[in-house]
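# A look at the structure
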Amino acid sequence: MSGRPPQGRPGRGRPENQRTSDRPRSAPAPTAPLLRLQETDLAYSLLLAAKAMTAVLHHGRSLDQALTQNLGNEQSFAVRGAVRDLATTGIRQWGRAQVLIQILTQKPGLNPPLLETTLGLGLGLLWPSDAPKYPSHTVVNQLVNACAAEPTLVAGKGLVNACLRNFLRDTPHWVDQALKNPQARWSLPAWWVRKVMDQHPIQGEALLSQAAQHPPMVLRVNSRIGSAQQYVDYLAEKDLSARVIGPQAVLLDQPCSVDVLPGFAQGEVSVQDSAAQLAAPLLDLQDGQRVLDACAAPGGKTGHLLELANIDLLALDSSESRLNRVADNVERIAPTLDGDWRFNMKAAKAEALEDWWDGTPFDAVLADVPCTGSGVVRRHPDIPWLRRPDDSANLSRIQHTILDALWSTLKPNGTLLLVTCSIFREEGPLLAKAFTEKHADAVQLDAPGVVHPTADAAVSPDGFFFAKFRKRAQS
Ligand SMILES: C[S@@+](CC[C@H](N)C(=O)[O-])C[C@H]1O[C@@H](n2cnc3c(N)ncnc32)[C@H](O)[C@@H]1O
């Protein structure tokens, strides 16, 4: 670690690493051997979490990719869970940690990047909370141990120790300082905060605060098997408490692993947010229809479409690897489907019709187009940090291209449902408006439009947009 040591407030004692920098230059400190960590040490999980955060925040990987990259098969289930939880918290708190790092070190950023994320993870964990994950002294000691165990962090151990202790010495002061910056208030990038507030002057604050909350776990009960209430009653017999929050939607009081959900492996129930569950029924599917799920992976809505009617379904996605998850989903629910249904999958870009369309038109098309994901930040806190301010404009262009191509595959009187999990207007109302202006044969039908998260975080849906169009038959 090079550069200036963190600044202590006047009269509050000198940061520890300043003491080490007083050594004569001619007598370098002997290199201490690296600390060896055990899997059971919190420091072990903290270090892996900081590495995953670095992959997201400095190398543009999604959190899922970063965790896969940094967690090998050798780690236990407990460590994997702890690392995921710590990295998720670290990224949720990154907006404020980044501001605090600047204030405490008086530098815009730290090098190497892992040093910055390690310190940021610590500051995020120490930020005042009603339910702190660990005692503050444990966080500091274990992060210092994590630094002592990692070659690229050893030199920054003193800085991490000094900054965290400095923060703990007068937390209210540093929090007050940080909160002068809106990025710290919402713990989201400044441009993201501005965009949400500009586009949603009334609901903006609610949307921003929802992004920081833990998402509820909502299930979709397979309508071939029974009703949402029947499943809630069944869960009660197994001492799992839940309630009905939508036609087939069940909210679990406590999130749990799908392995303990009765009927999950048998396809009787799937995990899907209540807003996402609105999509498939909007297509009013009938047995025998030919249906396209144009951007299908990972297949949450694919399964729902198949549960609703005996259709001939083609699932398309540009990502071949993500289509594996669609196949898994369909395989899981297939035993619950009786009757004459058909399913095919193809890896292709929806707009490249020549690569996948045989010219036979569809009765219904689900266009769950790629978007910024600005409506699902509470489930994927990495999203705002992976996006750039012009992403929604760029994605909106792709969305237009995909929609135009899909429209030509629809039968006269067929229905196309546009879905995005975004709260940005260019991926919602503005996209739908431009579509109807461009296609004279498109009749916009009733659909929920923008679904905003509500004040009650426990039951609030994700942010989504739905627009439904019927293709007018030529007269
Ligand atoms: C919002 S996700 C779809 C979610 C999915 N419908 C579900 O309910 O599980 C968007 C998907 O579009 C895919 N995609 C991106 N560009 C595409 C394109 N040009 N054509 C088809 N699929 C595309 C992505 O790989 C991603 O899986």
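To be clear, the structure that these remarks concern was listed above.
Residues numbered from 1 in each chain as written. Predicted model: local features only at pLDDT ≥ 70, side-chain atom pairs only at ≥ 80, totals over all residues.

## Some thoughts on the overall build of the chain
Tallying secondary structure elements over the chain gives 19 helices and eleven strands in all. Here the chain has a C-alpha radius of gyration of 25 Å; the compact-globule value for 475 residues is 23 Å, and the two agree. With respect to the three principal axes, the spread of C-alpha positions in the chain is 90 × 50 × 40 Å. Every one of the 475 residues in the chain was classed for burial, and the buried ones make up 45%. Relative to all contacts within the chain whose residues are 6 or more apart in sequence, the contacts with residues 24 or more apart total 71%. (Helix = DSSP H or I, 4+ residues; strand = E, 2+ residues; numbered from the N terminus. Rg over C-alpha atoms; globule rule 2.2 N^0.38 Å. Buried ≥ 20, exposed ≤ 12 C-beta atoms within 10 Å, placed from the backbone. Contact = placed C-beta atoms within 7 Å.)

## Description of helix 19 (residues 429–438)
For helix 19, every residue scored as buried is listed here: Leu 431, Ala 432 and Phe 435. Seen from one end, helix 19 has its buried residues packed into an arc of 95°, which puts them on one side. Buried residues in helix 19 make contact with helix 18 (391–407), strand 9 (410–420), strand 10 (442–451) and strand 11 (464–471). (Arc of directions from axis to C-beta.)

## Thoughts on the nonpolar core
Counting residues in hydrophobic clusters, the biggest one holds 69 residues, and the most contacted among them are Ala 294, Val 365, Leu 366 and Ala 367. In this structure, Leu 366 is in contact with Ala 279, Leu 283, Leu 292, Asp 293, Ala 294, Lys 301, Leu 305, Leu 417 and Val 419, ignoring residues within four places of it in sequence. Within the second largest apolar cluster, 52 residues are counted, among which are Leu 37, Ala 43, Ala 52 and Phe 167. (Core = buried A, V, L, I, M, F, W, Y, C linked by C-beta atoms within 7 Å.)

## A few points about the pairing of strand 7 (residues 342–347)
Note: strand 6 (residues 312–317) against strand 7, six bridges, orientation parallel. Bridged to Leu 314 within strand 7 is Asn 344. Running through helix 15 (residues 320–333), the crossover from strand 6 to the neighbouring parallel element strand 7 is right-handed. (Pairing = 2+ DSSP bridges. Right-handed = clockwise from strand over helix to strand, strands pointing away.)

## Here's the deal with the environment of Ser 318
Its place among the elements puts Ser 318 in the loop between strand 6 and helix 15. By the C-beta count within 10 Å, which is 17 here, Ser 318 ends up partly exposed. Here the alpha-carbon distance between Ser 318 and Glu 351, two residues 33 residues apart in the chain, equals 9.8 Å. Discounting residues that sit within four places of it in the chain, Ser 318 has contacts with Ala 347, Ala 348 and Lys 349.

## Section: the environment of Ala 447
Along the chain, Ala 447 falls in strand 10. Overall, Ala 447 belongs to the partly exposed group, with 17 C-beta atoms counted inside 10 Å. Ala 447 has contacts with Leu 282, Phe 466, Ala 467 and Lys 468, leaving out every residue within four places of it along the chain.

## Side note on unusual backbone geometry
Geometrically, the link from Asn 111 to Pro 112 is a cis peptide bond, its omega value of -5° lying close to zero. Within the secondary structure, Pro 112 is located in the loop between helix 5 (94–105) and helix 6 (113–126). In this structure, the amide linkage connecting Ala 297 to the following residue, Pro 298, adopts the cis form with an omega of 5°. On the secondary structure map, Pro 298 appears in the loop between strand 5 (290–293) and helix 14 (300–308). A positive phi is found at Asp 284, a non-glycine position, where the angle reads about 45°.

## Notes on helix 2 (residues 42–57)
Between the first and last C-alpha of helix 2 there are 22 Å, a value that for 16 residues agrees with the 22 Å anticipated at 1.5 Å per step. The element helix 2 is extensively covered by neighbouring structure, given that 15 of its 16 residues are classed as buried. (Expected span 1.5 Å × (residues − 1).)

## Description of the pairing of strand 11
With seven of its eight residues buried, strand 11 lies for the most part within the structure. Both strand 9 and strand 11 contribute to a ladder of six bridges, which runs antiparallel. Looking across to strand 11, one finds that Leu 416 is bridged to Phe 469.

## A look at the sheet that holds strand 4 (residues 269–271)
Taken together, the four strands give an open sheet; going across it, the order is 2-3-1-4, and neighbouring strands pair in antiparallel fashion. The open sheet has two edge strands, strand 2 (242–244) and strand 4, and neither has a second partner. Going from strand to strand, the sheet's axes swing by 30° on average, the running direction of each strand aside. When strand 1 (residues 218–221) meets strand 4, the two strands line up antiparallel, connected through three bridges. Bridging from a neighbouring strand, Arg 220 pairs with Ser 270 of strand 4. Contacting strand 1, strand 2, strand 3 (249–252) and strand 4, helix 13 (residues 228–237) runs over the sheet at an angle of about 170° to strand 2. (Axes fitted to C-alpha atoms, helices over the stretch in contact; angles between N-to-C directions.)

## Quick word on the site of the ligand
Around the ligand, a shell composed of 19 residues is seen, among which Cys 295, Ala 297, Gly 300, Lys 301 and Asp 368 lie nearest. Broken down by secondary-structure element, the contributors of at least two residues to the shell around the ligand are helix 14 and strand 6. When grouped by side-chain class, the residues that make up the shell around the ligand number nine nonpolar, four polar and six charged. (Near = placed C-beta within 6 Å. Nonpolar A, V, L, I, M, F, W, Y, C, P; charged D, E, K, R; others polar.)

## Some details on the sheet that holds strand 6
A sheet is described by the order of its strands in space; here seven strands give the open sequence 7-6-5-8-9-11-10, paired in mixed fashion. Either end of the sheet is taken by a strand with one partner, and the two such strands are strand 7 and strand 10. When strand polarity is set aside, the average angle formed by the axes of neighbouring strands in this sheet is 15°. The pairing of strand 8 (residues 362–368) with strand 9 spans six bridges and is parallel. Counterpart to Ala 364 in the pairing with strand 9 is Thr 415. Where helix 18 meets the sheet, its contacts fall on strand 8 and strand 9, and the angle it forms with strand 9 comes to roughly 160°. Lying on the sheet, helix 19 is in contact with strand 9, strand 10 and strand 11; it crosses strand 10 at an angle near 180°.

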